Amino acid sequence: MDRRERVAHALLEAHGRTFADEAGIRLKDTPQPLYRLLVLSHLLSARIRGSLALATARALHEAGLRDPRRMARSPRRDRVEALGRGGYRRYDERTATQLGDAAALLNERWGGDLRRLRREADGDPPELRRLLRQFPGIGPAGADIFLREAQEVWPELVPYLDAKALQGAERLNLPVEPERLAALAGNTGTAVLAAALVRAAVDRKVAEDTLRRTG
């Protein structure tokens, strides 16, 4: 194992878990998990601690707001309360509105099924990114989060390593060319590696610990 492989192995061993998995989403290419990933991407893209975004995604699920039809039909106050229970209070009023509007758009244009959005884009990552940004609350960061995680079930996206993941690679002195970097994921998968690299980008301690354990 060369140095880069050792670093990647150490990173994956300690931090190799997708954000979807951490939020309790068993990601599959089916409507409900994909929708929950869209909501999680929305929450994670705000200027708020990732742990709060993950807790809030779980709170929305526990409140029954786990598919776009239920989300769109829910009273706004129910969304605000679920966001508050997750600790997402700073943006709760605006986010509650955005979640309702985004769910309505998904229902009206794609029948509540993000796989139809995928088909409309013909699997093209830039077009997917453009379409995702039409959802209220999903900006460039949110679209990147969704695609970074969705590559686990949408193989045409591989390797999707956005600027934040590449920032983590640079901090760990790993290659920043997506194909070379993806090769270090091995059987773990690029989505898992991408999530671990993001953790190294946003938390210097993750990078420092990884490098320390690899000498």
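Refer to the structure above for everything that follows.
Residues numbered from 1 in each chain as written. Predicted model: local features only at pLDDT ≥ 70, side-chain atom pairs only at ≥ 80, totals over all residues. Heavy atoms only, no water.

A word on the nonpolar core
Side chains that are nonpolar tend, in soluble globular proteins, to be buried together. Selection rule: Nine residue types can take part in a nonpolar core, namely buried Ala, Val, Leu, Ile, Met, Phe, Trp, Tyr and Cys, and a core is a set of them joined through side-chain atoms within 4.5 Å. Whether a residue is buried, partly exposed or exposed follows from its accessible area with a 1.4 Å probe, protein chains only, as a fraction of its type maximum: under 20%, in between, or over 50%, in that order. Residue contacts are defined here by distance: any two heavy atoms, one from each residue, within 4.5 Å place the two residues in contact.
Among the nonpolar cores identified, the biggest contains 70 residues, and L40, L132, F135, F146 and L197 are the most heavily contacted of them. L197 has contacts with L11, L161, K164, A165, G168, A169, L172, L174 and L181, leaving out every residue within four places of it along the chain.

A closer look at the side chain of D67
Put simply, the rule reads: For the purposes of this entry, the term helix denotes a DSSP run of H or I that reaches at least four residues, the term strand denotes a run of E that reaches at least two, and both are numbered from the N terminus. Any pair of nitrogen or oxygen atoms within 3.5 Å is treated as a polar contact; in protein, a donor-acceptor pairing is required on top of that, and neighbouring residues in sequence qualify only through side-chain atoms on both sides.
Looking at the element boundaries, D67 is found in the loop between α4 (50-62) and α5 (68-73). With relative accessibility at 17%, the residue D67 sits in the buried group. Of the polar contacts made by the side chain of D67, one reaches the backbone nitrogen of R70; its length is 2.8 Å.

Points about the packing of aromatic side chains
Keep this limit in mind: Think of it this way: a Phe, Tyr or Trp ring, Trp meaning its six-membered ring, pairs with another when their centres are within 6.5 Å, and the plane angle makes it stacked under 30 degrees, edge-to-face over 60, tilted otherwise. Whether a charge lies above a ring is judged from NZ of Lys or CZ of Arg, which has to be within 6 Å of the ring centre and within 35 degrees of the ring normal.
Throughout the structure, instances matching the rule amount to 2 aromatic pairs. When the centroid spacing of 5.5 Å and the interplanar angle of 50° are considered together, the rings of W110 and F135 count as tilted. Of the two residues, W110 sits in helix α7 (residues 92-110) while F135 sits in the loop between α9 (125-132) and α10 (140-150), which places them 25 residues apart along the sequence. R199 extends its terminal NZ or CZ atom over the ring of F19, reaching a point 4.2 Å from the ring centre.

Observations concerning the packing of helix α13 (residues 190-202) against helix α14 (residues 204-213)
In plain terms, the rule: Axes here refer to lines fitted to C-alpha atoms; in helices the fit is confined to the stretch in contact. Angles between the N-to-C directions go from 0 to 180 degrees. Throughout, the term roughly parallel applies to angles under 35 degrees, roughly antiparallel to angles over 145, roughly perpendicular to angles from 65 to 115, and oblique to all others. When residues are grouped by polarity, Ala, Val, Leu, Ile, Met, Phe, Trp, Tyr, Cys and Pro land in nonpolar, Asp, Glu, Lys and Arg in charged, and all others, Gly among them, in polar.
Following both chains from N to C, one finds α13 and α14 inclined at 110°, their axes separated by 4 Å at the closest point. Relative to α14, the element α13 lies roughly perpendicular. Of the residues in α14, those touching α13 at R199, A200 and V202 are R204, V206 and A207. Among the residues forming the contact of α13 with α14, the class breakdown is 4 nonpolar, no polar and 2 charged.

Here we look at the environment of L54
As for its position among the elements, L54 is in helix α4. Taking the C-alpha atoms as reference points, L54 and E22, 32 residues apart in sequence, are found 7.2 Å from one another. Setting aside chain neighbours within four positions, we find L54 in contact with F19, E22, A23 and L40.

Looking at a positive patch on the surface
Heads up, the rule is: Like-charged residues within 9 Å of one another, or nonpolar side chains (Val, Leu, Ile, Met, Phe, Trp, Tyr) within 5 Å, are grouped into patches, provided each residue has over 30% relative accessible area and no salt bridge. Residue-level accessible areas treat just the shown protein chains as cover; the underlying method is Shrake-Rupley with a 1.4 Å probe. Any carboxyl oxygen of Asp or Glu within 4 Å of a side-chain nitrogen of Lys or Arg constitutes a salt bridge here. In this tally, Lys and Arg are treated as positive and Asp and Glu as negative; His is ignored, and so are the chain termini. We put the charge of a Lys on NZ, of an Arg on CZ, of an Asp on CG and of a Glu on CD.
A surface patch of positive charge is lined by R69, R73, R116 and R119. Looking at the positive patch, the elements that each hand over two or more residues are α5 and α8 (114-121). Structurally, R73 is set in helix α5.

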